[in-house]
Amino acid sequence: MNGEELTEQETALYDRQIRVWGADAQRRLSKSHILVSGLKGTAVEFCKNIVLAGVGSVTLNDDRIVTEELLSANFLIPPDQNIYSGKSLAELCSDSLKDFNPMVRVSVEKGELSDFNAEFFDKFDAVVISCCSLSTKKSVNEKCRKLLKRIAFYTVDCRDSCGEIFVDMQNYVYTQKKGDEAVECHLEYSSFEEAISVPWKSLPKRVSKLYLAMRVIEKFEDQESRKPGETSAADLPNVQKLRKELCEAQLFDVSKISDTLLERLLEGSTEFPPVCAVIGGILGQEVIKAISGKGDPLKNFFFFDAMDGKGMIEDISKPKP
C-alpha cells in the first residue's frame, strides 16, 4: 500500500476525512484492495461505508440470484425486476455501488469462495466474508495466513436482531497516541479455528451468550450440511440435543445457552436493516483502522443484540504458551 501520493482530485474529494485522520492514512486507504464475499444486508452496509471512505478497489463475490429474502435488507438491488433479471447478486450490487464513489474501482469475481486458492487472496489487503459455512470460514482464514503478506481477515454474521464480527489481523502493529507522544503497539491475533477451539471453561465468566449460541448453531449447520440461515424453529429439538452434547464434552453449564436465544438464531434468516447498519458500520470502522493504522483495533470478536441494544467486545484467543 506504499507508493503514490494522493491526486489533486482525491485530496479535494476526501478533504474532510484527511482533516480527521491525515493524508497518509487516506493515501493508504486509496491504495487498498478489499474482497467482500456474501452480499446480504450487513455486508452491503459495509461496502457502502468503505466505498464512501475512498478505498482503492472493492471486489465482490456472490453468484446467487436475487430472492425476496435478499431484497429485505439489500438497498443496492434495484427495484425494477427487468434490471436484475439474469444477473448475479454481485453484479447488481457492483452496478449500484459504483454510483456512491466513481473514484473507487468496483469489480466482480465469479466462483465459489471455498474453491479459490491462497494466491487468489494475495492481491487483497482485507478479506471480508459473510453467509458462509464453518468450514469455509476456517479454510479462507488459513489461506490468508499462509501468505507472506499480512491480510486482515473478517467474518460477519447477522441473524434475527443479533450480529457477530470476528477479526484476525495476525501480528498487527499500529500507532497509539499517549499525550503528545506516538507509541507503537503490537497485537497478536488467533485464527478463527484457534479462537473457537478455546475451551468453554476457559472463557471469561461473563462471556457473551451470543458467542456460545453462535457456536452451537454453526456446528449444527456444519453437521447437517446446511447453508447459513437454512434453519427454522423446527430444528430446535436437534439443536438442543447438540447443545447438551457440546456442553457435556466441555464440562459446561448447559443453562448458559438459552432455548430462547437458540430459537431466535434458528428463525432469524431475515436481516433487520437497523441492525445491518450498526454491524456494517462497526465493520467498516475496523477495516479502515486496519488499513490506515489509525485507532485501536477490535480484538477479536464483537457482538450486538438489538434486544438490549448492547455491543460487546470479547478477546477469545488461544492461550499463550
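Before any of the text, the structure's been laid out above.
First, a word on what this report is: a plain description of the structure on this page. (Residues numbered from 1 in each chain as written. Predicted model: local features only at pLDDT ≥ 70, side-chain atom pairs only at ≥ 80, totals over all residues. Heavy atoms only, no water.)

**Here we look at the sheet that holds strand β10 (residues 310–314)**
(1) Moving on: Strand order in the open sheet formed by eight strands is β3-β2-β1-β4-β5-β6-β9-β10, with mixed pairing between adjacent strands. One side of each edge strand has no neighbouring strand; the edge strands of this open sheet are β3 (105–108) and β10. Sheet twist, expressed as the average angle between the axes of neighbouring strands with direction ignored, equals 15°.
(2) Moving on: The sheet strands contacting helix α7 (residues 89–97) are β2 (57–61) and β3, and the helix crosses β3 at an angle near 170°. (Pairing = 2+ DSSP bridges. Helix = DSSP H or I, 4+ residues; strand = E, 2+ residues; numbered from the N terminus. Axes fitted to C-alpha atoms, helices over the stretch in contact; angles between N-to-C directions. Contact = heavy atoms within 4.5 Å.)

**A closer look at the side chain of R159**
(1) Moving on: Tracing the backbone shows R159 in strand β5 (residues 152–159).
(2) Moving on: In this structure the side chain of R159 is engaged in a polar contact, spanning 3.3 Å, whose partner is the side chain of D157.
(3) Moving on: Within the structure, R159 has its side chain in polar contact with the side chain of E221 (distance 2.8 Å).
(4) Moving on: Excluding anything up to four places from it in sequence, R159 contacts M214, I217, E221, P228, G229, L265 and G268. (Polar contact = N/O pair within 3.5 Å; in protein donor to acceptor, adjacent residues only side chain to side chain.)

**Quick look at the packing of helix α4 (residues 41–53) against helix α14 (residues 273–292)**
(1) Moving on: Between α4 and α14, the least distance of the axes is 8 Å, while the angle of their chain directions is 45°. Taken together, the axis directions place α4 and α14 in an arrangement best described as oblique. At the point where α4 passes α14, the crossing takes the right-handed sense. On α14, the residues touching G41, T42, E45, F46, N49, I50 and A53 of α4 are C276, A277, I279, G280, G281, L283, G284, V287 and I288.
(2) Moving on: Its residues placed into classes, the contact of α4 with α14 shows nine nonpolar, six polar and one charged. (Parallel < 35°, antiparallel > 145°, perpendicular 65-115°, else oblique. Left-handed = near helix turned anticlockwise from the far one by under 90°. Nonpolar A, V, L, I, M, F, W, Y, C, P; charged D, E, K, R; others polar.)

It is worth stressing that arrangement in space is one thing and function is another; only the former is reported here.
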